[in-house]
Amino acid sequence: MSNARRDVTAAAMVPTDVADADAPDVAPTDRPHTLAIDIGGTGLKASVLNLAGVMLADRVRIPTTYPMPPTGDKGMIGRLEKLIARLPSADRVSVGFPGMVRGGVVLSAPHFVTKSGPGSEVDPALSEAWHRFDLASALQEATGKPTRVANDADVQGLAVVSGVGLELVITLGTGFGTALFMDGALMPHLEIAHQPFRKGETYNDQLGERARKEIGDDRWNRRVGRAIVNLDGLFFFDHLFIGGGNARRVHRDRLATLGDRATVVDNRAGILGGIKLWQGNHLGL
Ligand code: BGC
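Residues numbered from 1 in each chain as written. Predicted model: local features only at pLDDT ≥ 70, side-chain atom pairs only at ≥ 80, totals over all residues. Heavy atoms only, no water.

**Points about the nonpolar core**
- By size, the foremost hydrophobic cluster in this structure holds 31 residues, and its most contacted members are L35, I37, I39, L80, F97, W130 and L135.
- Of all the secondary structure elements, the ones that give two or more residues to this core are strand 1 (34-39), strand 2 (43-49), strand 3 (60-63), helix 2 (76-84), strand 4 (92-97) and helix 4 (135-143).
- In terms of residue count, helix 2 provides more of this core than any other element does, five residues in total.
- Look past the residues within four positions of L35 in its chain and what remains in contact with it is A46, S47, V48, I84, L87, A90, R92, V93 and S94.
- Counting residues in hydrophobic clusters, the runner-up holds 27 residues, among them I215, W220, A227 and A262. (Core = buried A, V, L, I, M, F, W, Y, C linked by side-chain atoms within 4.5 Å. Buried < 20%, exposed > 50% of the residue type's maximum accessible area, 1.4 Å probe, protein only. Helix = DSSP H or I, 4+ residues; strand = E, 2+ residues; numbered from the N terminus. Contact = heavy atoms within 4.5 Å.)

**Some words on the side chain of D152**
- Turning to its location among the elements, D152 is positioned in helix 5 (residues 152-160).
- For the buried residue D152, which engages in no salt bridge, the nearest side chain bearing the opposite charge is K45, 7.6 Å off.
- When sequence neighbours within four positions are dropped, the list of residues in contact with D152 reads D38, I39, G96, F97 and P98. (Lys, Arg positive; Asp, Glu negative; His and termini not counted. Salt bridge = Lys/Arg side-chain N within 4 Å of Asp/Glu carboxyl O.)

**What about the domain arrangement of the protein chain?**
- Domain boundaries assigned for the protein chain yield domain 1 (3-153) and domain 2 (163-270).
- Facing the 13 residues of domain 1 at the interface are eleven residues of domain 2.
- Taken together, both faces of the contact between domain 1 and domain 2 bury some 1000 Å²; the carbon and sulfur share is 61%.
- Ranking the residues of domain 1 by area buried against domain 2 places M100, N151 and A153 at the top, with a combined share of 39%.
- Applying the counting criterion to the domain 1 and domain 2 interface returns zero salt bridges.
- Here domain 1 is connected to domain 2 by three residue pairs in polar contact (both at pLDDT 80 or more).
- Its residues assigned to classes, the side of domain 1 that touches domain 2 shows four nonpolar, eight polar and one charged. (Domains from an automatic or database assignment. Buried area = accessible area lost by both parts, 1.4 Å probe. Polar contact = N/O pair within 3.5 Å; in protein donor to acceptor, adjacent residues only side chain to side chain. Nonpolar A, V, L, I, M, F, W, Y, C, P; charged D, E, K, R; others polar.)

**Description of the site of the ligand**
- Around the ligand, 13 residues are found, and the nearest of them are G99, N151, D152, E191 and H194.
- The separation between an oxygen atom of the ligand and a polar main-chain atom of G99 is 3.1 Å.
- At a separation of 3.0 Å, an oxygen atom of the ligand approaches a polar side-chain atom of N151.
- Burial of the ligand by the protein amounts to 95% of the accessible area it has alone, namely 310 Å².
- Tallied by class, residues from the shell around the ligand come to four nonpolar, seven polar and two charged. (Near = heavy atom within 4 Å. Areas by Shrake-Rupley, 256 points an atom, 1.4 Å probe, with all protein chains shown as cover.)

**Points about the confidence of the model for the protein chain**
- Mean pLDDT over the protein chain: 90, with 90% of residues reaching 70 or higher.
- Low pLDDT, under 50, characterises residues 1-21; the predicted model gives this stretch 35 contacts beyond four residues in sequence or across chains. (pLDDT = per-residue confidence, 0-100.)

**Section: the sheet that holds strand 8 (residues 166-172)**
- In space, the five strands of this open sheet follow the order 10-9-8-13-14, with mixed pairing throughout. Looking at strand neighbours, the two that pair on one side only are strand 10 (185-186) and strand 14 (262-264), the edges of this open sheet.
- Summarising the sheet, strand 9 (residues 176-182) and strand 10 pair through two bridges and their orientation is antiparallel. Paired with M182 across the bridge in strand 10 is A185.
- Against the sheet, helix 5 makes contact with strand 8, strand 9, strand 10 and strand 13 (239-243), and its axis sits at roughly 50° relative to strand 9, the strand it touches most. (Pairing = 2+ DSSP bridges. Axes fitted to C-alpha atoms, helices over the stretch in contact; angles between N-to-C directions.)

**Thoughts on the packing of helix 2 against helix 4**
- The geometry of helix 2 relative to helix 4 is characterised by a closest axis approach of 11 Å and an angle of 45° between their N-to-C directions. Relative to helix 4, the element helix 2 is oriented oblique. Remark: the crossing between helix 2 and helix 4 carries right-handed chirality. Here I77, L80, E81 and I84 of helix 2 come into contact with helix 4, specifically with L135, A138, L139, A142 and T143.
- Residues that form the contact of helix 2 with helix 4 fall into these classes: seven nonpolar, one polar and one charged. (Parallel < 35°, antiparallel > 145°, perpendicular 65-115°, else oblique. Left-handed = near helix turned anticlockwise from the far one by under 90°.)

The structure is reproduced here in structure tokens:
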């Protein structure tokens, strides 16, 4: 577990629901404020949320540039510092990262090890730079605030699941994201994105943005439908949530067989899940 994970400060623990008869009659605190960052393959997005999940500033966004090592001149930490400078200060930081993250440490960064973006050639020097990079500690140092990092689909899922039964979240964007919840608790992350799907290609290869642009929405939709059937056969989920920038392109008839077991959700969940990273008992963090 990284330092950042262990260091849940008092700010994160401020009780907001404890009534004190002698306390002066002041408005209940809406703190801690959370700086929520969504690291995407095409954009780096952030906002600041109060305890109720209300955005205290308009979401800011800058493009994700390639190559993007973790640190240095063109590095992610520097880019994020620029982004954050446009927002009010917060008490803690939550980050969704597109890859495998455990205890704040990056175990895989499929987009950022490439020379010029998702699908392009992998650069061994970038693989080396990202290998076990402690993103939570690096951002905690950069911001001076306690920081938690999780997979981006996991963070998105935290914002949308209902908390009942086995819920699967898929995100359709630059890559293919998944997150699994049991009665609202986040389960350990699985990189389904990189497992074989069909024709010798992975879910990511077949369903990512690059593939969608190549084959068009109709064929891409047929693939989404097949993937959902596969995942239902694997998880027997009680409910499926579909998010990410391309969720709006999914044809409703692809979901018809699921009846009321499927919901398409708003892409802003990537930011809103940032608060939930600090609440609940999640096995997957
Ligand atoms: C990554 C996942 C990520 C997904 C969505 C995939 O390429 O492997 O970890 O959740 O993209 O960003």
